[in-house]
Amino acid sequence: QVQLVESGGGLVQVGGSLRLSCAASRLPTSNYVMGWFRQAPGTECEFVAGINWNGSNRNYKDSVKGRFTISRDNAKNTVYLQMNSLKPEDTAVYYCAVHRNMMRIPTMNSEYNYWGQGTQVTVSS
């Protein structure tokens, strides 16, 4: 079965940076949209960023534009989320997910087919 494993989370001070990675295994193809979501305690899971199959199109939550960058390496079946200028409101569990479509990047979590177990990001002030 498909497995997504996130890594790179941790504790960082305000203004710091983290790079999350998500390695996918047993995907039938790398030609899928991949996304990052996050969920803070007491809140709903929200879309953060998404990237189409070849990286030619990307989509971001408004509050992370200019600070976060999503990228992928299909040879390694890995998607990344570079997070800069982190703020306390970025604190959450971050999940990567796969949507079985090549081009359209959904923002609703119900449209994603596979999910990782999550990695905690904590930004201290």
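In short, a report on the structure. (Residues numbered from 1 in each chain as written. Predicted model: local features only at pLDDT ≥ 70, side-chain atom pairs only at ≥ 80, totals over all residues. Heavy atoms only, no water.)

**Remarks on the nonpolar core**
The following threshold applies: In plain words, nonpolar cores are sets of buried Ala, Val, Leu, Ile, Met, Phe, Trp, Tyr and Cys residues tied together by side-chain atoms within 4.5 Å. The classification of residues rests on relative accessible area computed with a 1.4 Å probe and restricted to protein chains. Under 20% of the type maximum is buried, over 50% is exposed, and intermediate values are partly exposed. Each helix is a run of H or I in the DSSP string that is no shorter than four residues. Each strand is a run of E no shorter than two, and both are numbered from the N terminus. Two residues qualify as a contact provided that any one of their heavy atoms is within 4.5 Å of a heavy atom in the partner residue.
Within the largest apolar cluster, 28 residues are counted, with the highest numbers of intra-cluster contacts made by Trp 36, Leu 81, Met 83 and Tyr 94. Sorting the residues of this core by element identifies strand E3 (18–25), strand E4 (33–39), strand E5 (46–51), strand E7 (68–73), strand E8 (78–83), strand E9 (92–99) and strand E11 (119–124) as the ones contributing at least two each. Apart from residues lying up to four places away in sequence, Tyr 94 is in contact with Glu 6, Leu 20, Trp 36, Phe 37, Arg 38, Val 48, Phe 68, Leu 81, Met 83, Gly 118, Thr 119 and Val 121. One finds Phe 37, Cys 45, Phe 47 and Tyr 112 within the second-largest nonpolar core, a separate group that totals seven residues.

**Section: the pairing of E5**
The criterion, for reference: By this definition, two strands are paired if DSSP reports at least two bridges between them.
With respect to burial, E5 is a largely interior element, five of its six residues being buried. Note: E4 against E5, five bridges, orientation antiparallel. By the bridge assignment, Phe 37 is partnered in E5 with Phe 47. Connecting E4 to the antiparallel partner E5 that follows it, the hairpin turn spans six residues, and Gly 42 within it adopts a positive phi of roughly 75°. Two successive antiparallel strands, E5 and strand E6 (residues 58–60), enclose a turn made up of six residues, where Gly 55 displays a positive phi of approximately 80°.

**A few points about the state of the cysteines**
Using the following cut-off: Count a disulfide wherever a pair of cysteine sulfur atoms falls within 2.5 Å.
Per the counting criterion, the structure on display carries one disulfide. Two residues, Cys 22 and Cys 96, share a disulfide whose sulfurs are 1.9 Å apart. For the disulfide bridge between Cys 22 and Cys 96, the dihedral angle about the S-S bond is near 40°, and by the sign convention the bridge is right-handed. Linking Cys 22 in strand E3 with Cys 96 in strand E9, this pair joins segments that are 74 residues apart in sequence.

**Describing the packing of aromatic side chains**
Two aromatic rings are characterised by how far apart their centres lie and by the angle between their planes. We apply this condition: For this analysis, a ring pair means two rings from Phe, Tyr or Trp (six-membered ring only for Trp) whose centres lie within 6.5 Å, classed as stacked if their planes differ by under 30 degrees, edge-to-face if by over 60, and tilted for the remaining angles.
Within this structure, the stated rule accounts for five aromatic pairs. Aromatic pair Phe 37 and Trp 115: ring centres 4.9 Å apart, planes at 55°, arrangement tilted. Highlighted residues: Phe 37 in strand E4 and Trp 115 in strand E10 (residues 114–115), separated in sequence by 78 residues. Owing to a relative accessible area of 31%, Trp 115 belongs among the partly exposed residues under this scheme. Ring centres of Tyr 95 and Trp 115 lie 6.5 Å apart, and the angle between their planes is 75°; this geometry places the pair in the edge-to-face category. With a gap of 20 residues between them, Tyr 95 in strand E9 and Trp 115 in strand E10 connect regions that are remote in the sequence. For Tyr 95, a relative accessible area of 18% translates into the label buried.

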